[in-house]
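Given next are the chains, with one letter for each unit.
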Amino acid sequence: EVQLVESGGGLVQPGRSLKLSCAASGFTFSNYYMAWVRQAPKKGLEWVATISTSGSRTYYPDSVKGRFTISRDNAKSSLYLQMNSLKSEDTATYYCARNGYNRWYFDYWGQGVMVTVSS
Amino acid sequence: IQMTQSPSLLSASVGDRVTLSCKAGQNINNYLAWYQQKLGEAPKLLIYNANSLQTGIPSRFSGSGSGTDFTLTISSLQPEDVATYFCQQYNSWTAFGGGTKLELK
């Protein structure tokens, strides 16, 4: 059974940093692109970052480019999101998601972790 | 690529045939997915490549369309289908629609 379990969320002040983790199990982690998707309270879904199987290629929308860094450790079947210079608009539930095979839809999602940016 | 879903809120009765719409700002070559999100839960993939049913999803869900106009159909609405539904294009990077909230009448 595919499982994705996020951790590392919490309350952080504007301008500070936070690192999220996602532990994967039930599939060969190194064979799949992985991603982070967020959802602000009572809002829609927003793609945040994607990483290739080896970690050599990363992709970000303009809203987080230069502030967020996605990474992975295939030996540990783990995905990470380093978030720097956090803003109030980054407040959201952050989901770890597995990319579908060779495509950028998301076939499995974690339960999500809440990040609140507030002074 | 801008994704527009309509309506934003839909009320229907159990047993109804329900149709949700998603329009892309440009041709997305059928690289479209649909997700269901129940209150307090993570999204769940229903349909990918516009019309392929994800494993384990009931056959009352179906997807259709091509180019820029896409539809998610629930053939006979069940109480457990109350949720918000999102479409997503993945032809050019990726983007989600704003969602359609489906409630029981």
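As the structure is a computational prediction, the values presented were derived from the model and not from experiment.

*Asks:* What exactly am I supposed to notice about the interface of chain A and chain B here?
*Replies:* Many structure descriptions define interface size as the accessible area lost when the parts assemble. Between chain A and chain B, the contact holds 16 residues from the first and 17 residues from the second. Summing both sides of the interface, chain A and chain B together bury roughly 1500 Å²; the carbon and sulfur share of this comes to 70%. The largest per-residue losses of area from chain A upon contact with chain B belong to Leu45(A), Trp104(A) and Tyr105(A), which jointly make up 39% of the total buried on that side. Run the count over chain A and chain B and you get 0 salt bridges. Where the side of chain A that touches chain B is concerned, the elements lending two or more residues are β4 (34-39), β5 (45-51) and β10 (106-109) of chain A.

*Asks:* How should the environment of Lys44(B) be read in this particular structure?
*Replies:* Position of Lys44(B) among the secondary structure elements: in strand β5 (residues 44-48). A C-alpha to C-alpha distance of 21 Å links Lys44(B) and Ser11(B), two positions 33 residues apart in sequence.

*Asks:* I would appreciate a short explanation of the nonpolar core in the present structure.
*Replies:* In globular proteins that are soluble, nonpolar side chains generally tend to be buried together. Counting residues in each nonpolar core, the largest one holds 29 residues, and the members touching the most others are Leu20(A), Trp36(A), Leu79(A), Leu81(A), Met83(A) and Tyr94(A). When residues of this core are traced back to their parent elements, those giving at least two are β3 (18-25), β4, β5, β7 (68-73), β8 (78-83), β9 (92-99) and β11 (113-117) of chain A. Of the residues forming this core, the biggest block, 4 residues, is contributed by β3(A). Each residue touching Leu79(A), except ones within four places of it in the same chain, is listed here: Leu20(A), Ser21(A), Cys22(A), Phe29(A), Met34(A), Ala35(A), Trp36(A), Ile51(A), Ile70(A), Ser71(A), Arg72(A) and Cys96(A). Core analysis: the second largest hydrophobic core is formed by 24 residues, Val18(B), Leu32(B), Leu72(B) and Ile74(B) among them.

Conventions we followed
- Residues numbered from 1 in each chain as written.
- Chains lettered and ligands numbered in written order.
- Predicted model: local features only at pLDDT ≥ 70, side-chain atom pairs only at ≥ 80, totals over all residues.
- Heavy atoms only, no water.
- Contact = heavy atoms within 4.5 Å.
- Buried area = accessible area lost by both parts, 1.4 Å probe.
- Salt bridge = Lys/Arg side-chain N within 4 Å of Asp/Glu carboxyl O.
- Helix = DSSP H or I, 4+ residues; strand = E, 2+ residues; numbered from the N terminus.
- Core = buried A, V, L, I, M, F, W, Y, C linked by side-chain atoms within 4.5 Å.
- Buried < 20%, exposed > 50% of the residue type's maximum accessible area, 1.4 Å probe, protein only.

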